[in-house]
Amino acid sequence: MTEGLMGTVGQLRRVDRDWLLTLLTAVLTLMIFVFAPLQAAGIFVFQTFAIAGLLVIIGGTLIISGHPIAFGLMSIAFITNFVVFFLRLFYSWPYNLHLLAAAWFIIAVTVGCVVAQAVFGAGRITYHRIVGAILLYLFIAVAFATLFAFVGLSISDAFKGIAFEDDLALASSLFYLSFVTLTSTGYGDIIPVHPLARSLCNIEMIIGQLYPATILARLVTLELGVGSK
């Protein structure tokens, strides 16, 4: 059965797979900017939509990469999300947030590596690959959101303006904190206080400043290299 699944995936991979980068970008955008805020507003059903979105991300990652390690890591992350989903319904466990943060860190790093290989690989630069560079940018924000969660859960009052409690609003707050840091917006309503929290924010701000220029230069170089052949 596993061989049959991998064979099907291989057939899908031989078809133009770049469109999957756009699909995954749309799904992650919905999860961050639509589903998470609606969960924060108290609409619990959107957590189910987030699980469905995660399934799409896992499937897309498997088709783009096909690497068994990537598939294994994403499967572990999905199972963790699914377990926490049901624990929240029937049982209050103090480590739900730790599990979710670990799962989404695995997702961000794994998909980020897969997308980076697809975006910066050989071949002509297409619209979908440019969108894939945006997807990588979004996953940088997701990765730092999980790191902020670990710091906030481990160190009391590491951030002012955000409560690290197991409720539906925390994910939206963490994404907000990560994006205002990545884009150097800095509204000042959430403030890093602990030195480790400030250090993470500094690193994310530097990445946010360097990423657009670096990514643009790399894509132009790849396109010029293809055009000169």
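All of the points below concern the structure found in this document.

Right, let's talk about the overall build of the chain for a bit. Counting its regular elements, the chain contains 8 helices and 2 strands. Along the chain direction, N to C, the helices and strands of the chain fall in the order α-α-α-α-α-α-β-α-β-α. Carbon and sulfur atoms make up 70% of the accessible area of the chain, which totals about 11,700 Å².

All right, on to helix α7 (residues 170–182) then. The α-helix winds at 3.6 residues per turn, so residues separated by three or four positions along the chain end up facing the same way. A rise of 1.5 Å per residue sets the reference length of α7, with its 13 residues, at 18 Å; its end C-alpha atoms lie 18 Å apart and thus fit the reference within 8%. Of the residues making up α7, those classed as buried are Leu-170, Ser-172, Leu-174, Phe-175, Leu-177, Ser-178, Phe-179, Val-180, Thr-181 and Leu-182. Backbone geometry just downstream of α7 places Ser-184 in the positive-phi region, at approximately 60°.

Here we come to a nonpolar patch on the surface. A contiguous nonpolar patch, built from Phe-44, Phe-82, Phe-86, Leu-89, Phe-90, Tyr-91, Trp-93 and Tyr-95 and spanning about 830 Å² of accessible area, is present on the exposed surface. Within the secondary structure, Tyr-91 is located in the loop between α4 (68–90) and α5 (96–120). Tyr-91 sits in the partly exposed class, given a relative accessible area of 48%.

Here is what the cut-offs are and how they apply
- Residues numbered from 1 in each chain as written.
- Predicted model: local features only at pLDDT ≥ 70, side-chain atom pairs only at ≥ 80, totals over all residues.
- Heavy atoms only, no water.
- Helix = DSSP H or I, 4+ residues; strand = E, 2+ residues; numbered from the N terminus.
- Areas by Shrake-Rupley, 256 points an atom, 1.4 Å probe, with all protein chains shown as cover.
- Expected span 1.5 Å × (residues − 1).
- Buried < 20%, exposed > 50% of the residue type's maximum accessible area, 1.4 Å probe, protein only.
- Patch = residues over 30% accessible without salt bridge, like charges linked within 9 Å, V, L, I, M, F, W, Y side chains within 5 Å.
- Salt bridge = Lys/Arg side-chain N within 4 Å of Asp/Glu carboxyl O.

That is the geometry; function is a separate question.
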